[in-house]
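Each chain, letter by letter, is given below.
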Amino acid sequence: EPEVTQTPSHQVTQMGQEVILRCVPISNHLYFYWYRQILGQKVEFLVSFYNNEISEKSEIFDDQFSVERPDGSNFTLKIRSTKLEDSAMYFCASSERAGINYGYTFGSGTRLTVV
Amino acid sequence: RKEVEQDPGPFNVPEGATVAFNCTYSNSASQSFFWYRQDCRKEPKLLMSVYSSGNEDGRFTAQLNRASQYISLLIRDSKLSDSATYLCVVNILSNDYKLSFGAGTTVTVRA
């Protein structure tokens, strides 16, 4: 079964450092997403990406965050200057289409720990 | 008011039991509804979409009540492997790209 691949599985970084989280979506999918889940809390939408541009972003996705699709396969989330409160599980997801009744496929996540 | 609200549980049930729980959503423009399953510290996995007429997938039955703005999930003949957190997920028509998640309902099936 096709899957969304995320690397690394766990990243520890010092506060103020930049991190890049990487994702390889399913090859024929056109819509890409980042979500995060702080430990013990609900999954929260960060950003969606389609046709090489951001489709929608949440209030969490401020100027410290950026996304990029540098080539035909990778989809990255960059946090420019990490804060303690950025510690969370970050999930990448992709879908073939957007809209009614289309669920996503999530990657296994990157656990980001900011110290 | 939260976009999606769930009873956090936990629901502790013996193997073979039936367990059911609901989720309410606040935005009447919501169009797509899903149940995802999340195991501890793992990614959410799509369990089933929820259709207006209600739908069944094996031991799992989902219902949608648009008038009261809630969806439900019923698990029959519970297995130990059903132990997980069940996430109610809603997509709002005006935001095709974004899913709103509930905080989850924890189900523990005991032998």
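In short, a report on the structure. (Residues numbered from 1 in each chain as written. Chains lettered and ligands numbered in written order. Predicted model: local features only at pLDDT ≥ 70, side-chain atom pairs only at ≥ 80, totals over all residues. Heavy atoms only, no water.)

For the rest of this paragraph, the subject is the sheet that holds strand 1 (residues 5-7) of chain A. Sheet strands associate in pairs through backbone hydrogen bonding, adopting either a parallel or an antiparallel arrangement. Residues and elements named next belong to chain A. One open sheet holds the four strands; their spatial order is 1-3-8-7, and the pairing between them is antiparallel. Every other strand in the sheet has two partners, leaving strand 1 and strand 7 (65-68) as the edge strands with one partner each. Here the strands of the sheet are splayed against their neighbours by 20° on average, with no regard to which way each runs. Pairing of strand 7 with strand 8 (residues 75-79) involves four bridges; the strand directions are antiparallel. (Pairing = 2+ DSSP bridges. Helix = DSSP H or I, 4+ residues; strand = E, 2+ residues; numbered from the N terminus. Axes fitted to C-alpha atoms, helices over the stretch in contact; angles between N-to-C directions.)

Attention shifts here to the sheet that holds strand 8 (residues 70-75) of chain B. Residues and elements named next belong to chain B. Taken in spatial order, the five strands make up an open sheet running 1-3-8-7-6, and their pairing is antiparallel. The sheet is open, and its two borders are formed by strand 1 (4-6) and strand 6 (55-57), each paired with just one other strand. Here the strands of the sheet are splayed against their neighbours by 20° on average, with no regard to which way each runs. One ladder, built from three bridges, connects strand 6 with strand 7 (residues 60-65); its direction is antiparallel. Note that in strand 7 the partner of Asp57 across the bridge is Phe60.

Turning to the interface of chain A and chain B, a few remarks are in order. Listed per partner, the contact involves 24 residues of chain A and 22 residues of chain B. Together chain A and chain B conceal approximately 2,000 Å² of surface at their shared face, both sides included; 57% is due to carbon and sulfur atoms. For the interface between chain A and chain B, the tally reads three residue pairs in polar contact (both at pLDDT 80 or more). For the side of chain A that touches chain B, the secondary-structure elements that each account for two or more residues are strand 4 (31-37), strand 5 (43-50), strand 6 (53-57) and strand 9 (88-95) of chain A. A per-element tally of the side of chain A that touches chain B places strand 4 of chain A first, with four residues. The class makeup of the residues in the side of chain A that touches chain B is 13 nonpolar, eight polar and three charged. (Contact = heavy atoms within 4.5 Å. Buried area = accessible area lost by both parts, 1.4 Å probe. Polar contact = N/O pair within 3.5 Å; in protein donor to acceptor, adjacent residues only side chain to side chain. Nonpolar A, V, L, I, M, F, W, Y, C, P; charged D, E, K, R; others polar.)

Here we take up the packing of aromatic side chains. The geometry of an aromatic ring pair comes down to the distance between the two centres and the angle between the two planes. What the rule picks out here adds up to 20 aromatic pairs over all chains. With a centroid separation of 5.8 Å and 45° between ring planes, the pair formed by Phe21 of chain B and Tyr86 of chain B is classed as tilted. Separated by 65 residues along the polypeptide, Phe21 of chain B in strand 3 (residues 19-25) and Tyr86 of chain B in strand 9 (residues 84-92) bring together distant segments of the chain. The pair formed by Phe21 of chain B and Tyr86 of chain B is uniform in burial state, with each residue classed as buried. Members of the aromatic cluster, each reached through a chain of ring pairs, are Tyr33, Tyr35, Phe45, Phe91, Tyr104 and Phe106 of chain A together with Phe34, Tyr36 and Phe101 of chain B. (Phe/Tyr/Trp six-rings, centres within 6.5 Å; stacked < 30°, edge-to-face > 60°. Buried < 20%, exposed > 50% of the residue type's maximum accessible area, 1.4 Å probe, protein only.)

Don't take any of this as a statement about function, it's just geometry.
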